[in-house]
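Coordinate analysis (summary)
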Amino acid sequence: GQQLNQSPQSMFIQEGEDVSMNCTSSSIFNTWLWYKQDPGEGPVLLIALYKAGELTSNGRLTAQFGITRKDSFLNISASIPSDVGIYFCAGLGITGNQFYFGTGTSLTVIP
Amino acid sequence: EAGVAQSPRYKIIEKRQSVAFWCNPISGHATLYWYQQILGQGPKLLIQFQNNGVVDDSQLPKDRFSAERLKGVDSTLKIQPAKLEDSAVYLCASSLWGGRVRVFFGQGTRLTVV
């Protein structure tokens, strides 16, 4: 199965800094979802994107559906310690069946 | 609204033993997914159900893994016999079918095969 490439693989930032991460694929997707996963828990849905160019915010989080439909970006502004975790992107293929997950970006926020 | 329920949370078994995981999706969600997440990796889809029919099981190791969703609601994933490399977190997720899909996950079952 296909796996999406996320970058960076890990990030260490100071509290209050902004964060940017992205997800790329060789295939076109109809839907992009961004998740956060804490240790020992299942992924929690943060933002959903449904059309090329769409920009959606959820509090301090903003995500964009790339114009080419092969990428997506997630930004976190003014990071806080509870932002620590692993962030995954997931894309729904044009056949509408499988959700493919990214490799994950591990975020550490230093107080 | 209740989320996706999974049990057990943790399971330790010896290799060659059998194990089963249970999932109850969000009420009204026709689509149910089972994912395998190995430590340090993203979730990998094992099987996807639409109601009680299989939509995709291309990545399910069918010689040892099986899954069913007989009444189109809850689902069971079984491994028989287990191997060491099956140690992972098994995640169940569900979504409505069609429209603006949003997939919601349970807490997962952490399986350790020794």
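Because the structure is predicted, anything quoted here is derived from the model rather than measured. (Residues numbered from 1 in each chain as written. Chains lettered and ligands numbered in written order. Predicted model: local features only at pLDDT ≥ 70, side-chain atom pairs only at ≥ 80, totals over all residues. Heavy atoms only, no water.)

What follows is about the overall build of chain A. Across its full length, chain A carries zero helices and eleven strands. For chain A, the N- to C-terminal ordering of α and β elements is β-β-β-β-β-β-β-β-β-β-β. At 13 Å, chain A has a C-alpha radius of gyration in line with the 13 Å of a compact globule built from 111 residues. The principal-axis extent of the C-alpha atoms belonging to chain A is close to 45 × 30 × 20 Å. The 111 residues of chain A split such that 47% are buried. A total of about 4900 Å² of accessible surface is found on chain A, and carbon and sulfur atoms cover 53% of it. Distance between charge centres in chain A, computed from 5 positive and 8 negative side chains, equals 13 Å. (Helix = DSSP H or I, 4+ residues; strand = E, 2+ residues; numbered from the N terminus. Rg over C-alpha atoms; globule rule 2.2 N^0.38 Å. Buried < 20%, exposed > 50% of the residue type's maximum accessible area, 1.4 Å probe, protein only. Areas by Shrake-Rupley, 256 points an atom, 1.4 Å probe, with all protein chains shown as cover. Lys, Arg positive; Asp, Glu negative; His and termini not counted. Charge placed at Lys NZ, Arg CZ, Asp CG, Glu CD.)

A full pass over the atoms with the stated rule returns two disulfides over all chains. Shown here is the disulfide that connects Cys23(A) with Cys89(A), its sulfur atoms set 1.8 Å apart. Across the disulfide from Cys23(A) to Cys89(A), rotation about the S-S bond amounts to roughly 50°, and the bridge is consequently right-handed. Residue Cys23(A) is found in strand 3 (residues 19-24), and its partner Cys89(A) is found in strand 9 (residues 85-93); the two are separated by 66 residues along the sequence. Per residue, the accessibility class of Cys23(A) equals that of Cys89(A), and both read buried. Here Cys23(B) pairs with Cys92(B) through a disulfide, and the sulfurs are 1.9 Å apart. Where Cys23(B) bonds to Cys92(B) through sulfur, the torsion about that S-S bond is close to -70°, and the disulfide is left-handed. (Disulfide = S-S within 2.5 Å.)

Our next topic: the layout of surface pockets. Size it by volume and the largest pocket reaches roughly 570 Å³. Taken together, 32 residues line the largest pocket, and the ones lying closest to its centre are Gln37(A), Ile86(A), Gln37(B), Leu39(B) and Gly40(B). Among the secondary structure elements, those contributing two or more residues to the lining of the largest pocket are strand 9 and strand 11 (105-110) of chain A together with strand 9 (88-95) and strand 11 (109-113) of chain B. In terms of residue class, the lining of the largest pocket is built from eleven nonpolar, 17 polar and four charged. (1 Å grid on protein atoms, 1.4 Å probe; cavity = no way out; pocket = protein on both sides within 12 Å on 5 of 7 lines; lining within 4 Å. Points joined across faces, edges and corners; volume = space filled by probe spheres on them. Nonpolar A, V, L, I, M, F, W, Y, C, P; charged D, E, K, R; others polar.)

Turning our eyes to something else, we now look at the nonpolar core. Of all hydrophobic cores here, the largest spans 22 residues; its most connected members are Trp32(A), Trp34(A), Leu74(A) and Leu107(A). For this core, the secondary structure elements donating two or more residues are strand 2 (10-14), strand 3, strand 4 (29-37), strand 5 (44-49), strand 7 (61-65), strand 8 (71-76), strand 9 and strand 11 of chain A. By size, the runner-up hydrophobic cluster in this structure holds 21 residues, among which are Cys23(B), Leu60(B), Leu77(B) and Ile79(B). (Core = buried A, V, L, I, M, F, W, Y, C linked by side-chain atoms within 4.5 Å.)

All names here are of chain B. Strand order in the open sheet formed by four strands is 1-3-8-7, with antiparallel pairing between adjacent strands. Edge positions in the open sheet fall to strand 1 (5-7) and strand 7 (65-68), since each of these has one partner strand only. Averaged over neighbouring strand pairs, the angle between their axes works out to 15° when direction is ignored. Pairing analysis gives five bridges linking strand 3 (residues 19-24) to strand 8 (residues 75-79), with the strands arranged antiparallel. If you follow Trp22 over to strand 8, its bridge partner there is Thr76. (Pairing = 2+ DSSP bridges. Axes fitted to C-alpha atoms, helices over the stretch in contact; angles between N-to-C directions.)

Reports of interface size often rely on the accessible area that becomes lost once the parts have come together. Counting residues at the interface gives 24 residues for chain B and 22 residues for chain A. When the two sides are added together, the surface that chain B and chain A hide from each other amounts to roughly 1800 Å², 50% of it contributed by carbon and sulfur. Broken down residue by residue, the surface that chain B buries against chain A is led by Arg100(B), Val101(B) and Phe105(B), which jointly contribute 24%. On inspection of chain B and its partner chain A, the count reaches zero salt bridges. Here chain B and chain A share six residue pairs in polar contact (both at pLDDT 80 or more) between them. Counting residues per element, the ones that place at least two in the side of chain B that touches chain A are strand 4 (31-37), strand 5 (44-50), strand 6 (53-56) and strand 10 (104-105) of chain B. Among the elements that take part in the side of chain B that touches chain A, strand 4 of chain B stands out by supplying three residues, more than any other. Split into classes, the residues belonging to the side of chain B that touches chain A amount to eleven nonpolar, eight polar and five charged. (Contact = heavy atoms within 4.5 Å. Buried area = accessible area lost by both parts, 1.4 Å probe. Salt bridge = Lys/Arg side-chain N within 4 Å of Asp/Glu carboxyl O. Polar contact = N/O pair within 3.5 Å; in protein donor to acceptor, adjacent residues only side chain to side chain.)

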